[in-house]
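# Overview (structure and organization)
Letter by letter, the chains look like this.
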Amino acid sequence: MTLIAPGDDRLLDATAVGHKFARQERLRRKDFAVPEFHCVPVAEFDAATVGLVPPESTSDGELIAWSRAARDAVAPVSAALAADLVAAAEAMGGLVAVRACVVADERGVGEDGATDAFAGLTDSFLYVRPADVPAAVARCWASGLSAESIVYRARRGMPAASARVAVGVQRMVSGARSFVAFSRDPRTGAACGVVAAAHGIGEGVVQERADVDHFYLDAAGIRSDVVVKRWMVARGGDGPVTTEVPADLAEPPVLTEDEVRRVLDLAARVEAVFGLPQDIEGTITPDGRIHLVQARPVVFTTAAPRIPWSNHNITESFPGVSGALTYSQAREFYRLAFRDAYRRLGVSERRLRTVEHHLDRMVGLLDGRVYYRLDAWFALHGQIPGFPLVRPFWAQSMGLDTVAAPSRADVRRALPTVPGLLVRLARLRGSVRGFLGWWDTLVAEADGMDGWSPEELIAFHRGLWARVGERWGVTLVNSVYLLAWATAAAALLRRWVGADDKRIMGGLLLGGGENRSVLGVRSAIALAELFAADPVLAARVQDDPADEVWADVVADKHGAPVAAAAGEHLRRYGDRALHDLKLEEPAPRQRPGMIIEMLRPLLQSGLSVADSRARELASRADAERDLRARCPNPLRRLVIRALATGLRWFVKTREDTRYCRSQLYGLTRQVLWRLGDHLVAAGRLDERADVVDLTVEEVFGAYDGTLIDTDLRALAHRRRAERLAATARPDLDARFGTAYDRPVTDGLPARIVYSPGADRPTELRGLPSSTGVVRYPARVVLDPSIAPESCRDHIIVAKETDPGWLFLMMAARGMVVERGTLLSHTAITGRLLGIPTVVAVPNATALIEDGAWIEVDGAAGTVRVLPDVA
């Protein structure tokens, strides 16, 4: 069938149906109230306009003359397509809207795109009867060849023939009031929602044929500009007509304040889906229900390019506000590790030098929060041989949705680099073994630091990080190949298995060798089992101060075996904790009593190492059984298992090296905190904790003689005050842009938050990651430095997680996370622990209230908000 029906994945392809309909399909799949629609793909337009080639001339007169002839030459809708259109319109209730949309080109540019709106250059028809739909589709095709469309593109330096049209056929909703809303002020980009609303249907607002009320919502509240309304647009016998507003509706505002908030909450939710400020159109039916008809990026009046920022994924490593010490070390890590990775992936030294400055600005510190600077990442990653082939998948992992698929030219340029990349892949296992062996030796030799002088500490740190710049790239190279391997495996599994592909692959990833993060978890479980065997000790863990319990344990007051096991766990896993990459936060190595706090929920749950392994093996067996049922071909199953085996190795390597990263930051924390002690002893700081508000080079500069501002005490106090003030402010948006020609911190946007009384959806959808169904209260965790037992018998709802969350996860009954993939830490841990898990649930922490009862179905990927449970 040439007509694309709802649910067909082709509706997500903007190059086939245009951004307008691809966005509607994405929103429909996330349970927004988008009216049902079908789509005539651009291939039908191409067939109807074959041979219609515009002249090369840029003369308006010649182009207009060609346009008139071309519009008349557009072929009619074929008989087969006409029959499908009539049947689809009848199935949707009779009257439909027929709308054209210029599809995206290979760069993603098209109508309603993020860079070119093409507003008003194609036609739409409302209240179309089923029998008239084929003719309306043909008229939409012809509108793509209109004089306005052709001349517009010519003046923009675009090919005149680039206006290729898809057509949507959508159920008409009989709205009593309609609106256009902006999640940000379209004039300035400020965090102020704007709504224009009128009685009647949306054409009155869009085409300025009705009297419109305007509403504005910002931090100060709602402001309105209400007029006396005389005209509205309503349905007439042959389509929309302008008519008078009933007298009783002329003076009151079109929307109540509650409805304004509901509309702007809808706009904010749409912005959360696409990551850019949105311009939405909708209608409100007499029953008060809001229907979403269109969504597009806001086209601001200023067209200046902007620096793109995103904290997607990085907040799992650096959540909330970070101090100067953490940021300065993180910036150095990205610079050194990625430079080594690019070198290992075949980027020449000459090419690296041309983009060297981007290495210094891969991450920024904006209002105390760590963000990726995406233009730097694109410039750097663009140097990798073959990068265009994986660019869309990498962009998706960074939270970007609008990066176009590689063009044919990209593929042609990238193909010669593939053999070299395969050679490097063949060498990867040996490189990983060498890296892990080197790292384990280094960690074993880094002992006795408490007795080192400042000079010895600084020399060790500099030597350590110099070697990071020579070695750490192998961990990032593994991530590149993991991404490519996972993409290939997912595509094959989807083709051979179908709808259950993600769930099955998730199960197949279980089993095999234990990675270092899992070994740390199971060491903690084993330690909890040992403590539980002593009723007195188990009671003390629950009731007594954690630091006191730890001191007595290591002093052999509960037996030598317990002391030895506790000491060994600290020695091996003392650097793994919540926020273990944030140097202002302690790890168990600095405060061993944290281990006792982590053991409390494990003792309460009674989980054993045997139980943990049994859950993992059961999930793997379920996946194998499902694979046999969904893929009866034994040869295909063999290929899928081989791909899963390879993927398990890549994932294990990623988790092993992530644990090494925790140890790297653990060693760094030991050095810098010890230097803080020395600076206190020298009278330069008041307390050890002051060091976290200095940069690494400022700490070293006190001993190197390179300080410009020598008053470290005053500098640390000022920075601490700034950090605490930033902590009290709301988070910035996950993605936003700043002007290139102004200081970055000028006019940073504030996050739009949901109104407390606003309507919230009762069902959310995400990526199914670990099977099972549970019902428990939600524990919304924005700051994971909470007691693990507070998550006991709750479902964790978070933006994202990192390995330091493991002890919270072990206490929980399920997990819902805003970000992530099938291979993310949350998904892997959910499967390991055998608890239902759903990731990639947009804005879950805003839409689910702390304490609300929810149901998580980890197989279906749904999260239902339940009525109050007594």
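Look up: the structure comes first, before these words.
Quick look at the structure, then. (Residues numbered from 1 in each chain as written. Predicted model: local features only at pLDDT ≥ 70, side-chain atom pairs only at ≥ 80, totals over all residues. Heavy atoms only, no water.)

## Some words on the overall build of the chain
A tally of helices and strands in the chain yields 30 helices and 24 strands. Every one of the 870 residues in the chain was classed for burial, and the buried ones make up 55%. Contacts in the chain between residues far apart in sequence, at least 24 positions, make up 69% of those at least 6 positions apart. For the chain, the exposed area adds up to about 36100 Å²; of that, 53% sits on carbon and sulfur atoms. (Helix = DSSP H or I, 4+ residues; strand = E, 2+ residues; numbered from the N terminus. Buried < 20%, exposed > 50% of the residue type's maximum accessible area, 1.4 Å probe, protein only. Contact = heavy atoms within 4.5 Å. Areas by Shrake-Rupley, 256 points an atom, 1.4 Å probe, with all protein chains shown as cover.)

## Topic: the packing of helix 16 (residues 454-471) against helix 25 (residues 634-681)
Running from N to C, helix 16 and helix 25 cross one another at 155 degrees; their axes reach a closest spacing of 10 Å. In terms of orientation, helix 16 and helix 25 fall into the roughly antiparallel class. Crossing angle aside, the handedness with which helix 16 passes helix 25 is left-handed. In this structure, helix 16 uses P454, L457, I458, F460, H461, L464, W465 and V468 to contact helix 25, whose residues at the interface are L664, Y665, L667, T668, V671, R674, L675 and H678. Per-class residue counts for the contact of helix 16 with helix 25 are twelve nonpolar, three polar and one charged. (Axes fitted to C-alpha atoms, helices over the stretch in contact; angles between N-to-C directions. Parallel < 35°, antiparallel > 145°, perpendicular 65-115°, else oblique. Left-handed = near helix turned anticlockwise from the far one by under 90°. Nonpolar A, V, L, I, M, F, W, Y, C, P; charged D, E, K, R; others polar.)

## Focus: the sheet that holds strand 15 (residues 369-373)
A sheet is described by the order of its strands in space; here four strands give the open sequence 14-15-13-16, paired in antiparallel fashion. In this open sheet, the two edge strands, each paired with only one partner strand, are strand 14 (363-366) and strand 16 (735-739). Neighbour-to-neighbour, the strand axes of this sheet turn through a mean angle of 40 degrees, independent of strand direction. On top of the sheet, helix 9 (residues 324-344) reaches strand 14 and strand 15; it is set at about 160 degrees to strand 14, its chief contact. (Pairing = 2+ DSSP bridges.)

## Here we look at the side chain of E25
Mapped onto the fold, E25 is located in helix 1 (residues 14-29). Here the side chain of E25 touches R28 through a polar contact of 2.7 Å, side chain to side chain. In this structure E25 touches G7, D8, L11, L12 and F37, once residues within four positions along its chain are discounted. (Polar contact = N/O pair within 3.5 Å; in protein donor to acceptor, adjacent residues only side chain to side chain.)

## Points about unusual backbone geometry
Despite not being glycine, Y127 has its phi angle at roughly 55 degrees, a positive value. Relative to the helices and strands, Y127 resides in strand 3 (residues 124-128). In this structure Y127 comes out as buried when scored by relative accessible area, which is 11%.

## Topic: the packing of helix 16 against helix 26 (residues 696-704)
To characterise two packed helices, one gives the angle between the axes of the helices and the distance between these axes. The geometry of helix 16 relative to helix 26 is characterised by a closest axis approach of 10 Å and an angle of 135 degrees between their N-to-C directions. The orientation of helix 16 relative to helix 26 falls into the category oblique. Handedness of the crossing formed by helix 16 with helix 26: left-handed. Every residue of helix 26 that contacts helix 16 at P454, I458, H461 and R462 is listed here: V696, E697, F700, Y703 and D704. Considered class by class, the residues forming the contact of helix 16 with helix 26 number five nonpolar, one polar and three charged.

## Comments concerning the pairing of strand 13 (residues 306-310)
Pairing geometry for strand 13 and strand 16, over five bridges, is antiparallel. Bridging from a neighbouring strand, R306 pairs with A739 of strand 16. Pairing analysis gives two bridges linking strand 13 to strand 15, with the strands arranged antiparallel. Paired with W309 across the bridge in strand 15 is R373.

## Examining the sheet that holds strand 12 (residues 290-297)
Pairing in this open sheet of six strands is antiparallel, and the strands run 8-7-6-5-11-12 from one edge to the other. Two strands bound the open sheet, and with one partner strand each, they are strand 8 (221-225) and strand 12. Across the sheet, the axes of successive neighbouring strands diverge by a mean angle of 20 degrees, strand direction being ignored. Relative to strand 6 (residues 193-199), strand 5 (residues 177-182) is paired through six bridges, and the arrangement is antiparallel. In the strand pairing of strand 6, S178 is matched with A198. Of the strands in this sheet, strand 5, strand 6, strand 7 (213-218), strand 8, strand 11 (278-284) and strand 12 are in contact with helix 8 (residues 257-274), which crosses strand 11 at around 135 degrees.

## Some remarks on empty space enclosed by the protein
Tallied over the full model, the rule gives five cavities of 30 Å³ or more. Considered as a void within the structure, the largest cavity measures approximately 140 Å³ in volume. Surrounding the largest cavity, 15 residues form its lining, K30, F32, L764, P842 and L847 being those nearest its centre. Sorting the residues of the lining of the largest cavity by element identifies helix 8 and strand 17 (763-765) as the ones contributing at least two each. Here the lining of the largest cavity is composed, by residue class, of nine nonpolar, one polar and five charged. (1 Å grid on protein atoms, 1.4 Å probe; cavity = no way out; pocket = protein on both sides within 12 Å on 5 of 7 lines; lining within 4 Å. Points joined across faces, edges and corners; volume = space filled by probe spheres on them.)

## Some thoughts on the packing of aromatic side chains
When we look at a pair of aromatic rings, we describe it by the centre distance and by the angle of the planes. The tally for this structure, following the rule as stated, stands at 21 aromatic pairs. Measuring from ring centre to ring centre gives 5.6 Å for F435 and W438, while their planes differ by 55 degrees; the resulting arrangement is tilted. Here F435 and its partner W438 are both found in helix 15 (residues 418-445), three residues apart, which amounts to about one turn of the helix. The residues F435 and W438 share a single accessibility class, namely buried. A centroid spacing of 5.0 Å and a plane angle of 85 degrees characterise the contact between F435 and W472, whose relative ring orientation is edge-to-face. With F435 in helix 15 and W472 in the loop between helix 16 and helix 17 (473-497), the pair connects residues that are 37 residues apart, well separated along the chain. This pair shows no difference in class: F435 is buried, exactly as W472 is. (Phe/Tyr/Trp six-rings, centres within 6.5 Å; stacked < 30°, edge-to-face > 60°.)

## Thoughts on the environment of L145
Looking at the secondary structure, you find L145 in the loop between helix 5 (133-143) and helix 6 (147-155). The class for L145 is buried, based on a relative accessible area of 7%. When the C-alpha atoms of L145 and P54 are compared, they prove to be 9.2 Å apart, with 91 residues separating the residues in sequence. Sequence-distant contacts of L145, that is, excluding residues within four places in its chain, are made with F45, T49, L52, W66, S67, A70, R71, V74 and I150.

## Some thoughts on the nonpolar core
For soluble globular proteins, the rule of thumb is that nonpolar side chains tend to be buried together. Y334, Y342, W439, W472, L664, Y665 and V699 are the most contacted members of the largest nonpolar core, which has 94 residues in total. Examining the composition of this core, we find that 16 residues originate from one element, helix 25, more than from any other. Not counting residues within four places of it along the chain, the set of residues in contact with Y334 comprises I314, F318, R339, M362, V363, Y372 and W377. Core analysis: the second largest hydrophobic core is formed by 49 residues, V17, A70, A142 and A163 among them. (Core = buried A, V, L, I, M, F, W, Y, C linked by side-chain atoms within 4.5 Å.)

## Considering the environment of A728
Along the chain, the position of A728 falls in helix 27 (residues 712-728). A728 gets classed as exposed once you look at its relative accessible area, which sits at 68%. Through-space distance from the C-alpha of A728 to that of V321 is 9.6 Å; in sequence the pair is 407 residues apart.

## Side note on the pairing of strand 20 (residues 795-798)
The side chains of a regular strand alternate between the sheet's two faces. Going residue by residue along strand 20, you find I795 and V797 tucked away on one face and I796 and A798 tucked away on the opposite face as well. When strand 19 (residues 773-781) meets strand 20, the two strands line up parallel, connected through four bridges. Bridge pairing in strand 20 places R779 opposite I796. As paired elements, strand 20 and strand 21 (residues 814-817) share four bridges and run parallel to each other.

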